[in-house]
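Tertiary structure, described
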Amino acid sequence: MSATFGDNFKVTIFGQSHSEAIGVVIDGLPAGIKLDFDKIDFELKRRQGGDKFSTPRKEADTPKIISGYFDDKTAGSPLCAIFENGNTRSKDYSELKVKMRPSHADYPAYIKHNGNNDYRGGGNFSGRLTLPLTFAGAVAKQLLEEKGIYIGSHIKKINKVEDISFDKVNIGKDELISLKEEVFPLLDKSKLSEMEEVILKARNDHDSVGGIVECAVLGFPAGVGSPFFDSIESRLSHLLFSVPAVKGVEFGEGFGFADLLGSEAKDEYYYDKDGNVKTYENHNGGVLGGISNGQPICFSAVIKPTASISKLQRTIDVGKKENTKLEVVGRHDPVIVKRAVPVIEAVSAICLYDFLLNE
Ligand SMILES: Cc1cc2nc3c(=O)[nH]c(=O)nc-3n(C[C@H](O)[C@H](O)[C@H](O)COP(=O)(O)O)c2cc1C
Ligand SMILES: C=C(O[C@@H]1CC(C(=O)O)=C[C@@H](OP(=O)(O)O)[C@H]1O)C(=O)O
């Protein structure tokens with residue numbers, strides 16, 4: 001398992017959904033930083049399950065700091081946090097040792113690890129591993145905020161119900177911060193009841209839905225990144241696609257560029273009254289040539305509908321090597337999108353803070 005990301009702010013995650021604990025090691029944190037654990041806890045709670053939109057599996061999600069923090073400051077050594085898995089119901093998964101859930105990682109994991117993989121829950125493929133990622137992201141967010149860089153996002157789409165998009169030129173810092181306070185962050189709040197209805201209907205029908213998260217980064221300086229292999233888009237995509245269930249990523253206008261003429265897609269420059277370089281529009285989402293141009297960095301990620309649904313599905317039994325049927329049991333999210341919002345922000349913070357340490 002490739003479990004480490006980053007050149008300077010190096011994040012390693014470990015554990016399985018039903019192992020004793022899961023955790024994260026952050027290497028490269030400067031020494032002497034006082035972390036705000038209330039802020040970290042706030043981000044972890046945004047990701048937590050247990051409400052009507054999420055898995056009924058609710059864990060404490062309380063970090064236990066094992067190393068790297070001393071006298072209320074980072075100590076310069078790797079910061080390690082673990083989270084105990086207390087609310088597992090592993091017997092629900094015994095059938096999955098041989099019956100492969102369609103659209104989950106079970107079959108590729110079985111082949112890759114010769115049947116030795118931990119099949120309880122999603123094992124080390126589980127969305128539960130996004131908890132330590134969110135912890136690392138919450139640390140990176142604090143360090144970015146000290147530099148005036150803010151990350152925020154909203155739910156752009158649930159199934160076919162769509163929110164409006166960010167105004168990519170004029171996103172306000174207060175707007176981004178207030179989105180975090182919402183249980184279901186939307187720009188057009190009138191869409192809430194329709195989205196809620198779609199999710200609850202899917203849940204009652206033993207089904208699931210997917211959607212889109214749109215994310216924006218404010219205050220990121222111009223001139224960071226590289227062309228080609230280490231472009232801001234490629235590094236961010238690397239981490240965004242590491243989030244389980246993310247199946248597509250787009251920057252700025254993204255696939256919408258296909259419909260535009262050059263004259264419609266242009267981001268013309270001007271100096272504002274304070275001499276800052278701005279663009280009239282921001283079709284490119286703040287990145288050109290792989291390098292930030294000082295405008296808000298804007299991107300979206302599409303999250304697929306949850307694979308584990310309790311409708312009868314066709315699959316294979318790898319023990320008997322025969323075709324069979326499966327009705328998945330266990331406690332699953334009827335939609336992942338809502339819980340993915342803080343995770344998308346977290347991986348973006350990890351990536352962008354790592355970029356800044358490179359400069
Ligand atoms: C926060 C979060 C929660 C998730 N919850 C579930 C779940 O309850 N059931 C499920 O089948 N998949 C869930 N997933 C997605 C699976 O982990 C993912 O689809 C699976 O590992 C296969 O990876 P892939 O979809 O990226 O190919 C969740 C993902 C995230 C980010
Ligand atoms: C427990 C969490 O989410 C889990 C993510 C997940 C999956 O397949 O990704 C499946 C469910 O749990 P289990 O691994 O027990 O099947 C979710 O409840 C969590 O995120 O904290």
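Residues numbered from 1 in each chain as written. Chains lettered and ligands numbered in written order. Predicted model: local features only at pLDDT ≥ 70, side-chain atom pairs only at ≥ 80, totals over all residues. Heavy atoms only, no water.

1. Considerations on the nonpolar core
Membership of the largest hydrophobic core comes to 71 residues, with the highest contact counts inside it found for Phe-9, Phe-135 and Phe-220. In terms of residues, this core owes the most to one element, helix 8 (residues 337-358), which gives 13 residues. Core analysis: the second largest hydrophobic core is formed by 9 residues, Tyr-150, Ile-171, Ala-216 and Cys-298 among them. (Core = buried A, V, L, I, M, F, W, Y, C linked by side-chain atoms within 4.5 Å. Buried < 20%, exposed > 50% of the residue type's maximum accessible area, 1.4 Å probe, protein only. Helix = DSSP H or I, 4+ residues; strand = E, 2+ residues; numbered from the N terminus.)

2. A word on the side chain of Thr-74
With respect to the element layout, Thr-74 can be found in strand 6 (residues 73-74). Side-chain polar atoms of Thr-74 contact the backbone oxygen of Pro-30, separated by 2.7 Å. Setting aside chain neighbours within four positions, we find Thr-74 in contact with Leu-29, Pro-30, Ala-31, Gly-32, Ile-33, Leu-35, Gly-68 and Tyr-69. (Polar contact = N/O pair within 3.5 Å; in protein donor to acceptor, adjacent residues only side chain to side chain. Contact = heavy atoms within 4.5 Å.)

3. Some words on the site of ligand 1
The full set close to ligand 1 counts 18 residues, and Ala-245, Lys-247, Lys-304, Ser-308 and Asp-333 are the nearest of them. Take His-332: an N or O atom from its side chain is 2.9 Å from a nitrogen atom of ligand 1. Contact between ligand 1 and Asp-333: a nitrogen atom at 2.7 Å from a side-chain N or O atom of the residue. Class assignment of the residues belonging to the shell around ligand 1 gives a composition of 7 nonpolar, 6 polar and 5 charged. (Near = heavy atom within 4 Å. Nonpolar A, V, L, I, M, F, W, Y, C, P; charged D, E, K, R; others polar.)

4. Details of the site of ligand 2
Inspection of the region around ligand 2 gives 15 residues, with Ser-17, His-18, Tyr-93, Gly-127 and Arg-128 positioned closest. In this structure, Ser-126 approaches ligand 2 through a side-chain N or O atom, which is 3.4 Å from an oxygen atom. Arg-128 places a polar side-chain atom, nitrogen or oxygen, 2.7 Å from an oxygen atom of ligand 2. Looking at the shell around ligand 2 residue by residue, the class counts come to 1 nonpolar, 9 polar and 5 charged.

5. Remarks on the UniProt feature "binding site: FMN" (unreviewed entry) in the protein chain
What UniProt calls "binding site: FMN" (unreviewed entry) maps, in this numbering, to Gly-289, Lys-304, Pro-305, Thr-306, Ala-307, Ser-308 and Arg-331. Sequence-wise these annotated residues cover 43 residues; spatially they are dispersed, their C-alpha atoms as much as 43.8 Å apart. Along the polypeptide, Gly-289 turns up in the loop between strand 14 (287-288) and strand 15 (291-292). As for its position among the elements, Pro-305 is in the loop between strand 16 (297-303) and strand 17 (313-317). In contact with Pro-305, not counting residues within four places along its chain, are Ser-208, Val-209 and Gly-210. (UniProt positions renumbered as here; feature names shortened; annotations may be inferred.)

6. A few points about a nonpolar patch on the surface
A contiguous nonpolar surface patch, about 440 Å² in accessible area, is contributed by Tyr-269, Tyr-271, Val-277 and Leu-288. Looking at the secondary structure, you find Val-277 in strand 13 (residues 277-279). (Patch = residues over 30% accessible without salt bridge, like charges linked within 9 Å, V, L, I, M, F, W, Y side chains within 5 Å. Areas by Shrake-Rupley, 256 points an atom, 1.4 Å probe, with all protein chains shown as cover. Salt bridge = Lys/Arg side-chain N within 4 Å of Asp/Glu carboxyl O.)

7. Focus on unusual backbone geometry
Excluding glycine, residues mostly carry a negative phi; peptide bonds, for their part, are mostly trans. Non-glycine residue Asp-71 carries a positive phi angle of around 60°. Among the structural elements, Asp-71 can be located in the loop between strand 5 (69-70) and strand 6. Classification of Asp-71 as exposed rests on a relative accessible area of 56%. One non-glycine residue, Ser-103, adopts positive backbone phi at about 70°.

8. What about the pairing of strand 17?
Summarising the sheet, strand 17 and strand 18 (residues 322-326) pair through 5 bridges and their orientation is antiparallel. Paired with Gln-313 across the bridge in strand 18 is Leu-326. Once strand 17 ends, the chain turns through 4 residues before running back antiparallel as strand 18, passing Lys-321 with a positive phi of about 55°. (Pairing = 2+ DSSP bridges.)

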